[in-house]
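Given next are the chains, with one letter for each unit.
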Amino acid sequence: MFDNISFANPDFFWLFLLLPLAIVWYIFKQKEQTASLRISSAKGFTYNSILPKLKPGLFILHLLALGAIIVALARPQTEDISTRTKTTKGIDIVMAIDVSSSMLARDLKPNRLSALKEVAADFIKQRPNDRIGLVAYAGEGYTKTPITTDKAIVLNALSEISYGQLDDGTAIGMGLATSVNRLKDSKAKSKIIILLTDGVNNTGFIEPQTASELALEFGIKTYTIGLGTNGNALTPISYNADGSFRFGMRQVEIDEELLKDIANTTGGRYFRATDNESLEEIYDEINKLEKTEVEEFKYYRYEEKYRLWVLLAGGLLLLEWILRNTLFRSFV
């Protein structure tokens, strides 16, 4: 009966303190009303009815009725809560991913690109209220998926990103400019690009500085990530006869000054990821920096349950009155 029950007037439960007082009053009253008669023998006065022993039951019915009335005064009710969320400040995000051959380097496990895709997938899943798009770039850039709220589409597109879909090279300016193009018409309150690369801009007909100025003009903040260990990494250096890569140790070269300049120009930040753990921490940090404001509305519906207790109290009092005027009439 008390599952999922709350009380609108719980202060009335203090009235339960009256019940022990009522019991004490009843005991003293019974002693005062009990008469005694001294006789030499009880022979001839034997009465086998059990009703006199049950007479205190009338008082118990009174107590139970009083308890039910107190519960009714406390107004028991069930509470049904429904919620509705509304995104009050949406964020549009484009993730620009370097897919050049150097992203197959094995200083991250199993390689840079696979590690990035795993971390990026977790990041996407943690942004349920934002629109997210993907841009892939190497020697040129292209839109893998436009900004959308359908995370299943984005995650599927992310899983399909691989090396070999574009001419090799690192066109940072092209990747950034393509991302800006996807966001420039967005009406979102906040627009950001997360641009990741593991190299130096070495191709493309749009300079990174020009692309960053475009981002600034359209109010797009850019977070840049340099990916690669400090030192040498096992990197593709040539092809084997069967077309597979031959790996060799090569110095990791990242144009950190360029990435810092892009971030500073657009109001973002630059990060350096040297292993899987630091890459995860960077995306966690960006996730915290770019919070979507979500307004939650709660609707409460109460259903009063005091009527049942009023009926119970009335029923107990009615039962007590009937018994008092029928079975116990000679003993009252």
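Whatever comes next refers back to the structure up there.
Now for a description of the structure that goes with this document. Note that the structure is a prediction, hence the values are computed from the model and not measured.

## A closer look at helix α9 (residues 276-289)
Look at α9: 20 Å from first C-alpha to last across 14 residues, which is about the 20 Å you get at 1.5 Å a residue. Within α9, burial applies to Asn276, Ser278, Leu279, Ile282, Tyr283, Ile286 and Asn287. Taken together, the buried residues of α9 touch β3 (91-98), α4 (112-125), β6 (190-197), β7 (220-227) and β10 (270-273). Where α9 begins, one side-chain oxygen reaches toward the backbone nitrogen of Glu277, 3.2 Å away; that side chain belongs to Asp275.

## Notes on the pairing of strand β9 (residues 245-251)
With seven bridges connecting them, strand β8 (residues 232-239) and β9 associate as antiparallel partners. Bridge pairing in β9 places Pro236 opposite Phe247. Taking the residues between adjacent antiparallel strands as the criterion, β8 and β9 are bridged by five residues, where Gly243 takes a positive phi near 95°.

## Here we look at the packing of aromatic side chains
Counting across every chain of the model gives six aromatic pairs. Plain terms: the ring middles of Phe13 and Phe16 are 5.9 Å apart, the flat faces sit at 10° to each other, and that makes the pair stacked. Judged by its relative accessible area of 30%, Phe16 is partly exposed. Ring-pair connections join several aromatic residues into one group, and the members of that group are Phe7, Phe13 and Phe16. Its guanidinium or amino end placed over the ring of Phe247, Arg106 lies 3.7 Å from that ring's centre, counting from NZ or CZ.

## Overview of α4
For α4, spanning 14 residues, the distance from its first C-alpha to its last is 20 Å, which sits close to the expected 20 Å at 1.5 Å a residue. Restricting attention to buried positions, one finds in α4 the residues Arg112, Leu113, Ala115, Leu116, Val119, Ala120, Ala121, Phe123 and Ile124. Regarding α4, its N-cap is Asn111, as a side-chain oxygen of that residue lies 3.2 Å from the backbone nitrogen of Leu113 further along.

## Focus on the packing of α4 against helix α5 (residues 151-160)
At a minimum axis separation of 10 Å, α4 and α5 run at an interaxial angle of 175°. Taken together, α4 and α5 sit at an angle that is classed as roughly antiparallel. Across from Lys117, Ala120, Ala121, Ile124 and Lys125 in α4, the residues of α5 making contact are Lys151, Val154, Leu155, Leu158 and Ser159. For the contact of α4 with α5, a count of residues per class yields six nonpolar, one polar and three charged.

## Side note on the packing of helix α3 (residues 56-73) against helix α10 (residues 306-324)
Close contact between α3 and α10 brings their axes to 8 Å; oriented N to C, the two are set at 165°. One element, α3, and the other, α10, form an angle in the roughly antiparallel class. Considering the relative orientation of α3 and α10, their crossing is left-handed. Contacts between α3 and α10 involve Leu58, Leu61, His62, Leu64, Ala65, Ala68, Ile69, Val71 and Ala72 on the former and, on the latter, Tyr306, Trp309, Val310, Leu312, Ala313, Leu316, Leu317, Leu319, Glu320, Leu323 and Arg324. Residue classes in the contact of α3 with α10 are distributed as 17 nonpolar, one polar and two charged.

## Let's talk about the layout of surface pockets
Its boundaries defined by the atoms lining it, the largest pocket holds a volume of some 410 Å³. Around the largest pocket sit 22 residues that line it, and Ser101, Ser102, Thr235, Pro236 and Arg250 are the ones nearest its centre. For the lining of the largest pocket, the elements supplying multiple residues, two or more each, are β8 and β9. The element contributing the most residues to the lining of the largest pocket is β8, with five residues. Classifying every residue of the lining of the largest pocket by side-chain character gives seven nonpolar, ten polar and five charged.

What counts and how
- Residues numbered from 1 in each chain as written.
- Predicted model: local features only at pLDDT ≥ 70, side-chain atom pairs only at ≥ 80, totals over all residues.
- Heavy atoms only, no water.
- Helix = DSSP H or I, 4+ residues; strand = E, 2+ residues; numbered from the N terminus.
- Expected span 1.5 Å × (residues − 1).
- Buried < 20%, exposed > 50% of the residue type's maximum accessible area, 1.4 Å probe, protein only.
- Contact = heavy atoms within 4.5 Å.
- Polar contact = N/O pair within 3.5 Å; in protein donor to acceptor, adjacent residues only side chain to side chain.
- Pairing = 2+ DSSP bridges.
- Phe/Tyr/Trp six-rings, centres within 6.5 Å; stacked < 30°, edge-to-face > 60°.
- Lys NZ or Arg CZ within 6 Å of the ring centre and 35° of its normal.
- Axes fitted to C-alpha atoms, helices over the stretch in contact; angles between N-to-C directions.
- Parallel < 35°, antiparallel > 145°, perpendicular 65-115°, else oblique.
- Nonpolar A, V, L, I, M, F, W, Y, C, P; charged D, E, K, R; others polar.
- Left-handed = near helix turned anticlockwise from the far one by under 90°.
- 1 Å grid on protein atoms, 1.4 Å probe; cavity = no way out; pocket = protein on both sides within 12 Å on 5 of 7 lines; lining within 4 Å.
- Points joined across faces, edges and corners; volume = space filled by probe spheres on them.

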